[in-house]
Amino acid sequence: MTREETFDVVIIGAGHNGTSTAAYLAKSGLSVCVLEERPECGGGQETAEPIAGVRIQPHAIANYGGSAPGWEQLELWKYGFRMDWDPRTEVELNTDRYIFTRDGLSKVTEKDMMGWAKISCMLAGNDAFRDLMRATFWCPPHPPEVELDEYNIPFMQVYKQYEPDVWTRELLEMTMFDLMDEYLDTEPFKVTQAYIALSSGAHGHMEGVAIPAMCSSATVMPPAIAKPVAARGNMHGYFHALFRCATAHGAVFRACCPVEEIIISNGRATGVRISDDSTYGPKVIHARKAVISAAHIKHTFLNMIGPRHLDAGFLQRIKDLSLKGGSLFMSHYLTHEEFRYREKYRLPPPNDQFTGAFFNMESREIYFKNVENVLGRQENLTLSPDEAMWGMVAASLYDPTNPQCTRPGQHINGPLWMMVPTPEYNVDGMDAMDKENEKQRWAEFMRASLSCIVENLDDDNLIRMFTDSPTNRRCATPACSVDRGTGSAATVTSGGTNDPARALTQPRAGHRGALPGAPVVVAPRWPVPDGGRLQPDAHPHRGRGGRTGRLVVRLALVHPHRGQALGSRMERGARPFRGGLSTPSRHLGQPAQPHSNEPIERTPAGSTADPSEGHPRCRRNW
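Residues numbered from 1 in each chain as written. Predicted model: local features only at pLDDT ≥ 70, side-chain atom pairs only at ≥ 80, totals over all residues. Heavy atoms only, no water.

Asks: How should the overall build of the protein chain be read in this particular structure?
Replies: Counting its secondary structure elements, the protein chain contains 14 helices and 20 strands. Relative to its full complement of 622 residues, the protein chain shows a buried share of 61%. A fraction of 73% describes how many contacts in the protein chain between residues 6 or more apart in sequence connect residues 24 or more apart. Entry remark: accessible area of the protein chain is about 22,600 Å², with carbon and sulfur atoms responsible for 49%. (Helix = DSSP H or I, 4+ residues; strand = E, 2+ residues; numbered from the N terminus. Buried < 20%, exposed > 50% of the residue type's maximum accessible area, 1.4 Å probe, protein only. Contact = heavy atoms within 4.5 Å. Areas by Shrake-Rupley, 256 points an atom, 1.4 Å probe, with all protein chains shown as cover.)

Asks: Can you walk me through unusual backbone geometry in this structure?
Replies: Most peptide bonds take the trans form, and the phi angle of most residues other than glycine is negative. Following F359, the chain continues into N360 via a peptide bond in cis, with omega recorded as -5°. Mapped onto the elements of the fold, N360 is located in the loop between β12 (357-359) and α12 (364-376). Along the chain, G414 connects to P415 via a cis peptide bond; the corresponding omega equals 5°. Residues other than glycine seldom take positive phi values, yet C256 does so here, at roughly 55°.

Asks: Honestly, the side chain of H332 in this entry has me stumped. Any pointers?
Replies: Note that H332 resides in strand β11 (residues 327-335). Those residues in contact with H332 that lie beyond four places of it in its chain are I56, Q57, P58, I412, N413, G414, P415, R464, M465 and F466.

Asks: What is the right way to read the pattern of salt bridges from this model?
Replies: Pairing between side chains of opposite charge can happen when their charged atoms approach one another. According to the stated counting rule, one finds 27 salt bridges in the structure shown. For R308, the salt bridge is made with E261, and the minimal N-O distance between the two is 2.9 Å. One end of the pair, R308, is in the loop between α10 (297-305) and α11 (312-320); the other, E261, is in strand β8 (residues 259-265), with 47 residues separating them in the sequence. Connected through shared salt-bridge partners, E337, R340, E343, R346 and E455 make up one network. (Salt bridge = Lys/Arg side-chain N within 4 Å of Asp/Glu carboxyl O.)

Asks: I tried to follow the packing of helix α3 (residues 110-119) against helix α6 (residues 176-183) on my own but got confused; where do I start?
Replies: Packed helix pairs are characterised by how far apart their axes lie and by the angle those axes make with each other. At a minimum axis separation of 9 Å, α3 and α6 run at an interaxial angle of 125°. Taken together, the axes of α3 and α6 lie oblique to each other. Once α3 is placed against α6, the crossing between them reads as right-handed. Along the contact surface, α3 presents K111, G115, W116, K118 and I119, while α6 presents M176, L179, M180 and Y183. Taken together, the residues of the contact of α3 with α6 break down into six nonpolar, one polar and two charged. (Axes fitted to C-alpha atoms, helices over the stretch in contact; angles between N-to-C directions. Parallel < 35°, antiparallel > 145°, perpendicular 65-115°, else oblique. Left-handed = near helix turned anticlockwise from the far one by under 90°. Nonpolar A, V, L, I, M, F, W, Y, C, P; charged D, E, K, R; others polar.)

Asks: Hey, could you run me through the nonpolar core in this one?
Replies: Side chains of nonpolar character tend, in soluble globular proteins, to be buried together. One finds V32, W116, L132, M214, Y333, L450 and I453 to be the most contacted residues of the largest nonpolar core, which totals 119 residues. Membership of the second largest hydrophobic core comes to 27 residues, among which are V272, I297, M304 and I318. (Core = buried A, V, L, I, M, F, W, Y, C linked by side-chain atoms within 4.5 Å.)

Asks: I would appreciate a short explanation of the pairing of strand β14 (residues 411-420) in the present structure.
Replies: Strand residues, when the strand is regular, have side chains that alternate between the two faces of the sheet. Buried residues dominate β14, accounting for nine of its ten residues. In this structure, β11 lies alongside β14, joined through eight bridges in antiparallel fashion. Pairing of T335 across the sheet is with H411, part of β14. (Pairing = 2+ DSSP bridges.)

Asks: Any chance you could explain α6 here in plain terms?
Replies: Residue pairs spaced three or four apart in an α-helix point in one direction, given the helix's 3.6 residues per turn. Those residues of α6 lying buried are M176, F177, L179, M180 and Y183. Looking down the long axis of α6, one finds its buried residues gathered within 160° of arc, a one-sided arrangement. Elements in contact with the buried residues of α6: α3, α7 (187-199), α8 (210-218) and α12. (Arc of directions from axis to C-beta.)

Asks: How should I be thinking about the packing of aromatic side chains in this particular structure?
Replies: For any pair of aromatic rings, the description consists of the separation of the ring centres together with the inter-plane angle of the planes. For the coordinates displayed, the defined rule picks out 20 aromatic pairs. Centre to centre, the rings of Y341 and F354 are 5.0 Å apart; their planes meet at 45°, and the pair counts as tilted. Remark: F354 occurs in the loop between β11 and β12 and Y341 occurs in the loop between β11 and β12; sequence separation between them is 13 residues. Since its relative accessible area comes to 5%, Y341 is described here as buried. Ring geometry for W442 versus F445: centroids 6.1 Å apart, planes at 70°, classification edge-to-face. Taken together, the residues W442 and F445, both in helix α13 (residues 438-450) and three residues apart, mark about one turn of the helix. Given the relative accessible area of 12%, F445 is considered buried. Of the aromatic side chains, those joined through ring pairs into one cluster are F100, Y333, F339, Y341, Y345 and F354. Above the face of the W167 ring, K160 is positioned so that its terminal group lies 5.0 Å from the ring centre. Directly above the aromatic system of W442 lies the positively charged group of R441, at a separation of 5.7 Å from the ring centroid. (Phe/Tyr/Trp six-rings, centres within 6.5 Å; stacked < 30°, edge-to-face > 60°. Lys NZ or Arg CZ within 6 Å of the ring centre and 35° of its normal.)

Asks: Would you take a moment to explain the pairing of strand β3 (residues 48-51) for this structure?
Replies: The sheet contact formed by β3 and strand β4 (residues 54-56) spans two bridges and is antiparallel. Bridge pairing in β4 links A48 to I56. Taking the residues that link successive antiparallel strands as the turn, the β3-β4 hairpin has two residues, and the phi of G53 there is positive, at about 85°.

Asks: Can you help me understand the environment of L132 in this one?
Replies: Summarising the element assignment, L132 is placed in helix α4 (residues 126-137). Placed 23 residues apart in sequence, L132 and F155 show a C-alpha to C-alpha distance of 5.7 Å. In contact with L132, not counting residues within four places along its chain, are I119, S120, C121, F155, V158, Y159, I211, M214 and C215.

Asks: Hey, could you run me through the side chain of S106 in this one?
Replies: If you trace the backbone, S106 turns up in strand β6 (residues 104-107). Contact partners of S106, with chain neighbours within four places excluded, come to R97, Y98, I99, T101 and P188.

Asks: Help me understand the confidence of the model for the protein chain in this model?
Replies: Where the model shows low pLDDT, its predicted coordinates should not be examined in detail. When pLDDT is averaged across the protein chain, the result is 75; 71% of the residues are at 70 or more. Here residues 476-622 is a poorly scored stretch, pLDDT under 50, and it has 480 contacts once near neighbours within four places are set aside; other chains count. (pLDDT = per-residue confidence, 0-100.)

Asks: Is there a simple way to explain helix α1 (residues 16-27) in this structure?
Replies: A rise of 1.5 Å per residue sets the reference length of α1, with its twelve residues, at 16 Å; its end C-alpha atoms lie 16 Å apart and thus fit the reference within 8%. For α1, the complete set of buried residues consists of H16, N17, G18, T19, S20, T21, A22, A23, Y24, L25, A26 and K27. At the exit of α1 stands G29, carrying a positive phi of roughly 100°. (Expected span 1.5 Å × (residues − 1).)

Asks: Which parts of the structure should I look at to understand the environment of S384?
Replies: Locating S384 in the fold gives a position in the loop between α12 and β13 (390-392). Looking at S384, the relative accessible area reads 27%, which means it is partly exposed. Looking at S384, its side chain comes within polar contact range of the side chain of D386, at 2.5 Å. (Polar contact = N/O pair within 3.5 Å; in protein donor to acceptor, adjacent residues only side chain to side chain.)

Right, here's the structure in full:
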């Protein structure tokens, strides 16, 4: 009989959240076992190659965490991570920018750019932007007994220090549109920023969400990153460095090990039971301190814990939970010729290269039409193709040394992502986008919408179109591949495990074993790599700076908009993480200092330089 194993912490799911948590906990000296049901770890950071020489990104594209403390805390440059730019190099302000509307291009004005730079603290010095991002997304929560106000919410203190004329209590009551109406100029630029925040998980149209929503958009813009796809080797390359960091500190990863049950004893999680057909011998793995689930919250509570350990009222709350966070439907396009903009979207050479787009960003009316469809009615899109809002990454934005397509005479562009209802909450059922002929209909809808700005998306140019619904990516089922001119569907190997339900509790990494018993910590998969611990999606609780309550809960779930614990009470004595890593604890905004036994000269995180060259450690030009 195979022996059972025991670790301090067992983590379910080896996507970004599970692996980041493993890296922090292992670096803190805990023994960690990470269980992944698929043959490969990585989750939403997967890069797929559906046909030889063609790479697609069915999940995460942008590296949101450019200013996250994880680069310093986890020292990812030691484990092979490089960005495609030097963070010490200043990013030039691009004054020739345009927004895509149905009527053509809308020029971004100087007031737009300077207003955006002001509210994101880009004008206040290199440290200000970084500190604002960290104060919004990467800081411990206050104890629950502390009443939060404009004097102790971290991002408010950043404004008070760097932009005192922006600091006002009204920031805590504003919508993102209220904030932008005060500082920005053109409507299309405002709508674009609101849509970027929305597709990143922050509902900027809600009151009290102005700053977290604005920061959700700012994290994917300079000076956070130089390109939307900054991680060289794409997002999966970033994951490899994260994975190597976790294993270097002793974390154990086991693939092909789906978890069937979280074992509960006396109201506490004490381990997991993996399926009989898993590739690993021990079917029971015990946890001394915590079981952390980086799977979907419904699957965690309804299936892995179940009615034997939870009361009917709590289970019904889980079943009724509607996160309204939205999901993304993705598509990629393999063509003979590079895409060409239609005449009214074309700039004079040399700026006429296809660089993707955000469309259709003309008005708040269009924005709210899409929001009503996806988050209000929660049904498949009923808009016309020219009303649907979407964003698209072009191949030209990737590092030329790491091209997306290496097939001669062919080009791959994408993903084009469009917000759709989260499958669990779609009024037509979880398989509403995956029923017979539905993928084909979605593919044609997205193609028609892209054709609003691209003139050569005809059958003669299009070789193949790859589409991924949210269910495809989560369940690792094959993507739909539509061949040129035939309209027939074939299957290709693609997809992954991204779960875009975002407004949940995230794991608090770094405890040194102060947890009594082994509470369950619920963490969703979120396609926002950050290298550190990212706050829950900037679904900010009004006046609370985008933070939930205590993150360590006992069979509890945090309300996505009120920060209130539903179900069982908080674990007695559990305290939020306040340091405890091998890097020194530090106050928000102060850069991590090198260990006393480390050389002062080393390659900065994200540098393109060879670590052996001994570049001096310097402050990043955020």
